[in-house]
Number of protein chains: 2
Amino acid sequence: MSESGGLTRRTESLLRALRTRHGRRDSEYCFCDGLRASREVVTLAPGLVELVILREGTALPFPSPVEPVILPQSEFDRIAPTVHSQGILVLSRRPEPVPLDQPMADPFALVLDRVGDPGNFGTILRTARAVGLHEVWLTRGTADPFSDKVVRSASGAQFFLKIRYGGDLTELAADLRKLGVKTCYRTLPASGGNVFLEPDLFDRSAIILGCEATGVAELENSRGLNIPMPGDAESLNVAQAATVILFEYVRRGGQALY
Amino acid sequence: MSESGGLTRRTESLLRALRTRHGRRDSEYCFCDGLRASREVVTLAPGLVELVILREGTALPFPSPVEPVILPQSEFDRIAPTVHSQGILVLSRRPEPVPLDQPMADPFALVLDRVGDPGNFGTILRTARAVGLHEVWLTRGTADPFSDKVVRSASGAQFFLKIRYGGDLTELAADLRKLGVKTCYRTLPASGGNVFLEPDLFDRSAIILGCEATGVAELENSRGLNIPMPGDAESLNVAQAATVILFEYVRRGGQALY
């Protein structure tokens, strides 16, 4: 794309379309907003970056693989998805998804089953990266990991992690078992093995976190996994549950174990 | 307040004022939006509830301590803070703050030092309740725990927890030491004792989490506390850091230890 004097009308309507679910469907592009996520995208996936767009007066605090397009405030504000934008947008192509039959990159598979809230979803991706995972598995019905909201809340971790897109939970579990997964753990609010005591929790397993409203789907031949909650609360936010499980992996020695 | 036929102009302007920081300052009221948080407020603190406001057609799924006021859609939407409101608002008085010199209710003090994001702040309150804590300590500069955004993201946990409002971190640490706190732990991104190995972490200690942008303030005679992050990430979201620490407390036996 060449936009020397400003954005073409075509680019502007692409950016607008990418903010809707419909516009993202089948698009090979995505965009991100904000300093931290933009820096990650540009650093992790420079070859995918199509455009770096700056609001007039914003300094670019990292090297860019392409010549930035500088827009006057009014024009920038028209395309920025947030009211308090930090003055930088990056348009990039999406990373290639990883085929479901490729050997696993981690000792266990983190599976998100129809997680819908962009804040929760992004936080889980960011935390998965922080503990040293290389990939995340999604069932059909999970939010789009490359929507601008999820990219922002994940600080761009989806450009580091490999994303595997599966069918429903039963289909995805079959794919995982073909790759050697022995046990599928469904996180449950009030029953199942204790996350701090379950012995082989991170050994060729799949750990499945579910939709905020309805929890993890049913799955034959799975085990329950429970996070003990001694206090007075009904349930834990799914991103907090993911954090407890992922740092239990770190506590037990993480990758050093394998 | 009596609002048989609808809201008085005075109530409506109070609700509007409570959405701004200025309007909340020195107000004895707060309000919450959404089903889950409203149920918690009504259940945990029925004596504080002044008004329960419903959008016409919304069924009240829990008993209310006061006769609900039912508003036509257009009138309800004018006062609702979110576009996709679930059709229920609760106006209540704020719980009394706990004096700083009252004996501690928990084996350790969870301290938030100028945490500003309502989503992070609320998530930490909700998680503190889930692990069995009874109170949370705030330094001056921390967000208002009774803003509608924080109440929503905490699912009303601030009506369960006691909140202690301190001065700056040095002043608050002095108050805590007077109550018998032996060690103040400052969470740090890359140094300090390992949260999974530090022996007396939850024994008459204060564990301090800091502002998203600048971290925990300096504090004399404190120890560093670190969450190991083997993966490729700069830092952890403050709510995720709090979750790791609070569930390490659960893993070690929580209150059963004391």
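All chains use their own residue numbering, which begins from 1 and follows the written sequence. Chain letters and ligand numbers both follow the written order, the letters beginning at A and the numbers at 1. Given that the model is predicted, a residue must reach a pLDDT of at least 70 before its local features are reported, and side-chain atom pairs must reach 80 or more before they are shown or counted; all residues, however, enter totals for whole chains, interfaces and linings. Working from all heavy atoms in the structure, the side-chain values ignore hydrogens and water.

Asker: Outline the interface of chain A and chain B, listing residues and values.
Answerer: Any two residues having at least one pair of non-hydrogen atoms within 4.5 Å are treated as being in contact. With 31 residues of chain A at the contact, the number on the chain B side is 31 residues. Salt bridges, as used here, are contacts in which a Lys or Arg side-chain nitrogen is within 4 Å of a carboxyl oxygen on Asp or Glu. Scanning the region where chain A abuts chain B turns up 0 salt bridges. For this analysis, a polar contact is any N or O atom pair within 3.5 Å, provided that within protein one partner can donate a hydrogen and the other can accept it, and provided that sequence-adjacent residues contribute only side-chain to side-chain pairs. Scanning the region where chain A abuts chain B turns up 6 residue pairs in polar contact (both at pLDDT 80 or more). Contributions of two or more residues to the side of chain A that touches chain B are made by helix H3 (35–44), helix H5 (118–130) and helix H8 (238–251) of chain A. The dominant element in the side of chain A that touches chain B, judged by the number of residues it contributes, is H8 of chain A, at 8 residues. Under the scheme applied here, ten amino acids are nonpolar (Ala, Val, Leu, Ile, Met, Phe, Trp, Tyr, Cys and Pro), four are charged (Asp, Glu, Lys and Arg), and all others, including Gly, are polar. Split into classes, the residues belonging to the side of chain A that touches chain B amount to 14 nonpolar, 8 polar and 9 charged. Only DSSP runs of H or I covering at least 4 residues are called helices, and only runs of E covering at least 2 are called strands; the numbering of each starts at the N terminus.

Asker: Describe in detail the packing of aromatic side chains, supporting the description with residues and values.
Answerer: Geometry of aromatic contacts follows a simple scheme: Phe, Tyr and Trp rings, the Trp one being its six-membered ring, pair when their centres are within 6.5 Å, and the pair is stacked under 30 degrees between planes, edge-to-face over 60, tilted otherwise. What the rule picks out here adds up to 8 aromatic pairs over all chains. A ring pair is formed by Phe108 of chain A and Tyr249 of chain A, whose centres lie 4.9 Å apart and whose planes are at 70 degrees; its orientation type is edge-to-face. Here Tyr249 of chain A lies in helix H8 and Phe108 of chain A lies in strand S5 (residues 108–113), a separation of 141 residues in the sequence. The same class applies to Phe108 of chain A as to Tyr249 of chain A, namely buried. Consider the rings of Phe202 of chain B and Tyr249 of chain B, whose centres lie 5.2 Å apart with planes at 55 degrees: the pair is tilted. With Phe202 of chain B in the loop between strand S9 (193–194) and strand S10 (205–210) and Tyr249 of chain B in helix H8 (residues 238–251), this pair connects stretches of sequence that are 47 residues apart. Owing to a relative accessible area of 0%, Tyr249 of chain B belongs among the buried residues under this scheme. With a 1.4 Å probe rolled over the protein chains alone, any residue whose accessible area is under 20% of its type maximum counts as buried; one over 50% counts as exposed, and the rest are partly exposed.

Asker: Please set out the domain arrangement of chain A residue by residue, giving values where relevant.
Answerer: All names here are of chain A. All domain edges in this entry derive from an automatic or database-based domain assignment. When its domains are assigned, chain A resolves into domain 1 (9–93) and domain 2 (108–257). Once you take the C-alpha centre of each, domain 1 and domain 2 turn out to be 29 Å apart. In this complex, domain 1 contributes 18 residues to the contact, which on the side of domain 2 involves 12 residues. The contact between domain 1 and domain 2 buries some 1,200 Å² in all, and 62% of this surface belongs to carbon and sulfur atoms. Viewed at the interface, domain 2 and domain 1 are joined by 3 salt bridges. Salt-bridge contacts for Asp144 lead to Arg24; the nearest nitrogen and oxygen are separated by 2.9 Å. Accessible surface is computed with a 1.4 Å probe, and the buried area is the amount of it that two parts give up when combined, taken over both parts together.

Asker: Account for the pairing of strand S11 (residues 223–226) of chain B, naming residues and giving values.
Answerer: A regular strand carries its side chains on alternate faces of the sheet. Across 3 bridges, strand S8 (residues 183–187) of chain B lies against S11 of chain B in parallel orientation. Looking at the pairing, Thr187 of chain B lines up with Leu225 of chain B of S11 of chain B. Strands qualify as paired when DSSP identifies two bridges or more between them.

Asker: Now, about the pattern of salt bridges: what can you tell me, with residues and values included?
Answerer: Residue and element names in this part refer to chain A. Applying the stated criterion across every chain, the model contains 32 salt bridges over all chains. The shortest N-O distance in the salt bridge between Asp144 and Arg94 comes to 2.7 Å. Remark: Arg94 occurs in the loop between strand S4 (88–93) and S5 and Asp144 occurs in the loop between strand S6 (135–138) and helix H6 (148–153); sequence separation between them is 50 residues. Close ionic contact of Arg164 with Glu135 constitutes a salt bridge, the shortest N to O distance being 3.0 Å. Of this pair, Arg164 sits in strand S7 (residues 162–165) while Glu135 sits in strand S6, and the two are 29 residues apart along the sequence. Of the residues examined, Arg164 reaches a relative accessible area of 0% and is grouped as buried. Members of the salt-bridge network, linked through shared partners, are Glu12, Arg16 and Arg78.

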